[in-house]
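Structural description and commentary
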Amino acid sequence: MDTNIKEAALLRLADLLKHPDDLNTKVPALRKKFALEKATIDAQLKSDVQTQFDSVKVGLEKLLSGQNQMDLVKVDLKSIDQICLDSQNEIKNYPRIQKISQTHQNFIATKEFVERFTEFTTHLDQAQQLLENDMKNTREPGKNLLKIHYELYRLEQFRDITMNQAKKASMDVLATLRKFFLKLEDVASQFSSYLWQLAREIYLLASSNQGVVLVYIAKIVESEEKADQLAMAAEKARTANANLRSASSKWKLAEGSSRVIKGYRRRLFEIFDEVIAARFTEHLQQYQNDLSGTLSGLQFIFDDLTMIYEFLEPRFPKHYNLFSYFVKSYHRHIHELLTRMIQDNVDAGSVLKLLRWVRDYYTDMNQQLGVAEDLLEPRLLEGHESALVEEYLGLTRDKLSEWIRNLMKTETGEFVSRAKPPEGGANGKYGMSAAVIMFQMINQQIDIVIDSNHRDLLCSVITECTNAIKDAQFQWIDVVRSELKKQLDQPNDVPEGLVDYLIALCNDQIRSIEYTEAIIQRLELLVAGKHKEQIDMNLSSVMEGFITVSQSASKALLDIVFHDLKPIFAQIFCPSWYKEDLMLPVIATLRDYCHDFKTHMQQYPFTKIMDHLLDRFILSYLDALRNKNAKLILPDAVNKVEGDIKATYEFFLSYIPQDQVEKQMDVLLKVETIVGSSPSMVYLDFYGVRKHYPDIPIGLVETILNKREDVDRSQTKELMDTIRVKAKEQTMTNEGGASSLFSKLTLY
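Residues numbered from 1 in each chain as written. Predicted model: local features only at pLDDT ≥ 70, side-chain atom pairs only at ≥ 80, totals over all residues. Heavy atoms only, no water.

**Considerations on the overall build of the protein**
In terms of helices and strands, the protein carries 27 helices and 2 strands. Against the 2.2 N^0.38 benchmark of 27 Å for 748 residues, the protein shows a C-alpha radius of gyration of 51 Å, more extended than a compact globule. Dimensions of the protein along its principal axes, counting C-alpha atoms only, are 165 × 85 × 40 Å. Within the protein, the fraction of its 748 residues that count as buried is 39%. Sequence-distant contacts, at least 24 apart, represent 77% of the contacts inside the protein between residues at least 6 apart. Summed over all atoms, the accessible surface of the protein reaches about 43,500 Å², with 53% contributed by carbon and sulfur. When the 92 positive and 106 negative side-chain charges of the protein are each reduced to one mean point, those points stand 7 Å apart. (Helix = DSSP H or I, 4+ residues; strand = E, 2+ residues; numbered from the N terminus. Rg over C-alpha atoms; globule rule 2.2 N^0.38 Å. Buried < 20%, exposed > 50% of the residue type's maximum accessible area, 1.4 Å probe, protein only. Contact = heavy atoms within 4.5 Å. Areas by Shrake-Rupley, 256 points an atom, 1.4 Å probe, with all protein chains shown as cover. Lys, Arg positive; Asp, Glu negative; His and termini not counted. Charge placed at Lys NZ, Arg CZ, Asp CG, Glu CD.)

So, in structure tokens, the structure goes:
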């Protein structure tokens, strides 16, 4: 032990003194700190020791006082005994007087005994008649219950005393007495049977407003219970004093009791247990192997317990704790019933109903009856709730996977085969049935779990739903990528209509986002705290996935559009560009596609795809500067660029707000400035552009100079060297904080 203490101290010092300098800086402060802690602990120990010492002192004083009082009692008892002996000696003929007195007492007792024997049969017949009348009286059962019990109690008491006094008599006498009292036993047995029959009808008595009968039962049980307690106390005293009989004969010791212990209170509670079991059988026998019906049928327990609390509890002694007993008994039966249920194969719907019922049960017991959850033992579903939840989640996971797998198989099959156009709504917007069907399934699962009132399970089900949705989203991205590749590589070997189906897919993703937001709003008031955070996080990630799929489909649409425009863009800045207006076929192609987009695409994805279309056009136009045969012949090149910008600007104004078009097209205007700049002004024009667009690639400027016929290679090299030096000296940042289209130029 000393070794352990030393090791602990060393570890403590090592933790406090980690560096050599700590010996100089921390040791004085630590000494003061430990000295203060030691003084505090010493003071506390001293106070505790003093308190214990005072308690022991008081205890010893009480023991000594008790011992002194016992000694005084012994002295007083001896004095009383001596006075009794002395008084006997002072009275003349005391033994004779004592004998005469005893004889007189025996005579009186014998007279009373004979009279009770004479009246016994009469009283017994009266009690029997009253009992028979009560048993026939169905309108007022138990009317004479107390009278009957009073008579039978006195008669049984007389019988017990008689048999106890005659226990040393001959066998003939005992046989005669037993025969005489035989009828009493029969009547008493009938009375007990009738009493317990009435106890079994507590619910019927309550419904017929026969509460007085319950009071009679309570009084009889309480009377018999007190008699049992007195008899057991007397027997205990007789047993405890048995060793004094041989030690002294002058003391009259306890004789014990001749009463036979009946245990009416124990029997009453056994009857109540039988009644409760019968109530469960009565209400639930019609629902065998039907969990839903059984759970619905269990509603009777709240009505029963309310009746017990309002009708039965006030009519019995408080120390019986009758309501608490009934609550525990009902709960025990429910626990046994549910335990049997979960041992059978329980389907997913039944699992949720079971979990919901258990939650509601604890809530109703608390709110309706004021019974706290921690008082209801054993716990319902204890040790099985997590297994049931996992089982349900497993079933949900399998079902969702199966449903969505089949749904996606059908939907992607139609997407790939494109045997018919996608579905069109009343407004002409394309759509697919997958989103509607998928969210119908998901909402069904959520509805079921909400009914279970199990928030943890709701979060888990939402997680399973989001995982299934994400699997579908990944599958859509793969299908779009695959179909796009086939469309671009082998356009003549694939079915037509990919553009229409991509539009439908975009619309479906936006619709799915709306469905997801509806779920979030729906759960807003149902969950809070960590549950709400987890659900919001899962559903937000799902919405991001829908956006990703929509972006993937939109990008595929743009890839198809610019794949069609690729041959035309390959001629821009080339000799044919100067001879023909290449923007005419470009605009015509864009107009055809944009018409389809506007007609069949929802507003939000249409707005997004038009923004991206303009960006792609500008990037493709700038990338055309790298065409193999591209030449910038001034001033024609400037005029052509200006014409292209004007045509493009007018086209996109039909679909995009003017300020947005101007903002995006400004990139081309700035490039036009550099294209038409004189060699001596190139740097200044570049610097002016760079002030607005710090991310403009220097490689773009170099490409423009290389393509210009009025600038030779030496001039280009000289100008670019100057531009690069100045660019290093003057670091600029974008005032808007965001990168421009120039940052998306990957070829420069």
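**Description of the environment of Leu77**
Along the chain, the position of Leu77 falls in helix α3 (residues 27-90). Between the alpha carbons of Leu77 and Tyr362 there is a distance of 62 Å; along the sequence they are 285 residues apart.

**A few points about helix α27 (residues 713-729)**
Helix length check: α27, at 17 residues, gives a terminal C-alpha distance of 24 Å against a target of 24 Å (1.5 Å per residue), a fit within 8%. For α27, the full list of buried residues reads Thr716, Leu719, Met720, Ile723 and Ala727. An end-on view of α27 places all buried positions within 100° of arc, on one side of the element. Among the exposed residues of α27, those oriented more than 90 degrees off its buried face are Ser714, Lys717, Glu718, Lys728 and Glu729. Looking at the packing, one finds that the buried side of α27 touches α25 (682-692) and α26 (698-707). (Expected span 1.5 Å × (residues − 1). Arc of directions from axis to C-beta.)

**So, a nonpolar patch on the surface**
Taken together, the side chains of Val56, Leu60 and Leu63 make up a nonpolar region of the molecular surface, amounting to roughly 320 Å² of accessible area. The residue Val56 is located in helix α3 in this model. Here Val56 falls in the partly exposed class, since its relative accessible area comes to 49%. (Patch = residues over 30% accessible without salt bridge, like charges linked within 9 Å, V, L, I, M, F, W, Y side chains within 5 Å. Salt bridge = Lys/Arg side-chain N within 4 Å of Asp/Glu carboxyl O.)

**Focus on the pattern of salt bridges**
Under the counting rule described, the total for this entry stands at 28 salt bridges. Asp447 is the partner of Arg522 in a salt bridge, and the nearest nitrogen-oxygen pair spans 1.6 Å. Of the two residues, Arg522 is situated in helix α18 (residues 498-523) and Asp447 in helix α16 (residues 434-452); the sequence distance between them amounts to 75 residues. In the salt-bridge network here, residues are joined through shared partners; they are Arg200, Arg266, Arg267, Glu270 and Glu274.

**Some thoughts on the packing of aromatic side chains**
Under the counting rule described, the total for this entry stands at 32 aromatic pairs. Here Phe269 and Tyr325 contribute two aromatic rings whose centre-to-centre distance is 4.6 Å and whose plane-to-plane angle is 70°, an arrangement assigned as edge-to-face. Remark: Tyr325 occurs in helix α13 (residues 322-343) and Phe269 occurs in helix α10 (residues 264-284); sequence separation between them is 56 residues. Among the aromatic residues, those joined into a ring-pair cluster are Phe562, Phe569, Phe573, Trp577, Tyr578, Phe606, Phe617, Tyr621, Phe651, Phe652 and Tyr655. Lying across the ring of Tyr203, Arg279 places its NZ or CZ 4.2 Å from the centre. Directly above the aromatic system of Phe311 lies the positively charged group of Arg315, at a separation of 4.3 Å from the ring centroid. (Phe/Tyr/Trp six-rings, centres within 6.5 Å; stacked < 30°, edge-to-face > 60°. Lys NZ or Arg CZ within 6 Å of the ring centre and 35° of its normal.)

**Thoughts on the domain arrangement of the protein**
Under the domain assignment, the protein is made up of domain 1 (1-88), domain 2 (97-236 + 258-262), domain 3 (265-382), domain 4 (387-553) and domain 5 (571-744). One C-alpha centre belongs to domain 2, the other to domain 5; they are set 116 Å apart. (Domains from an automatic or database assignment.)

**Some details on the environment of Glu464**
Along the chain, Glu464 turns up in helix α17 (residues 455-489). Between the C-alpha atoms of Glu464 and Asn538, which are 74 residues apart in sequence, the distance is 9.7 Å.

**As for the packing of helix α24 (residues 658-675) against α26**
Where α24 contacts α26, the axes come no closer than 10 Å and their chain directions differ by 45°. Accordingly, the angle class assigned to the pair α24 and α26 is oblique. Crossing handedness for the pair α24 and α26: right-handed. Residue-level inspection shows Val671, Ile674 and Val675 of α24 in contact with α26, the latter providing Leu700, Val701 and Ile704. Of the residues in the contact of α24 with α26, the class split is 6 nonpolar, no polar and no charged. (Axes fitted to C-alpha atoms, helices over the stretch in contact; angles between N-to-C directions. Parallel < 35°, antiparallel > 145°, perpendicular 65-115°, else oblique. Left-handed = near helix turned anticlockwise from the far one by under 90°. Nonpolar A, V, L, I, M, F, W, Y, C, P; charged D, E, K, R; others polar.)

**Section: unusual backbone geometry**
With an omega of -5°, the peptide bond running from Glu377 to Pro378 counts as cis. Mapped onto the secondary structure, Pro378 falls in the loop between α14 (348-369) and α15 (385-417). Cis peptide bonds are those with omega within 30 degrees of zero, and the linkage from Leu634 to Pro635 qualifies with 5°. Mapped onto the elements of the fold, Pro635 is located in the loop between α22 (603-623) and α23 (636-652). The phi angle at Asn209 is positive, at roughly 60°, despite the residue not being glycine. Considering the arrangement of structural elements, one finds Asn209 in the loop between α8 (202-207) and α9 (211-240). With relative accessibility at 62%, the residue Asn209 sits in the exposed group.

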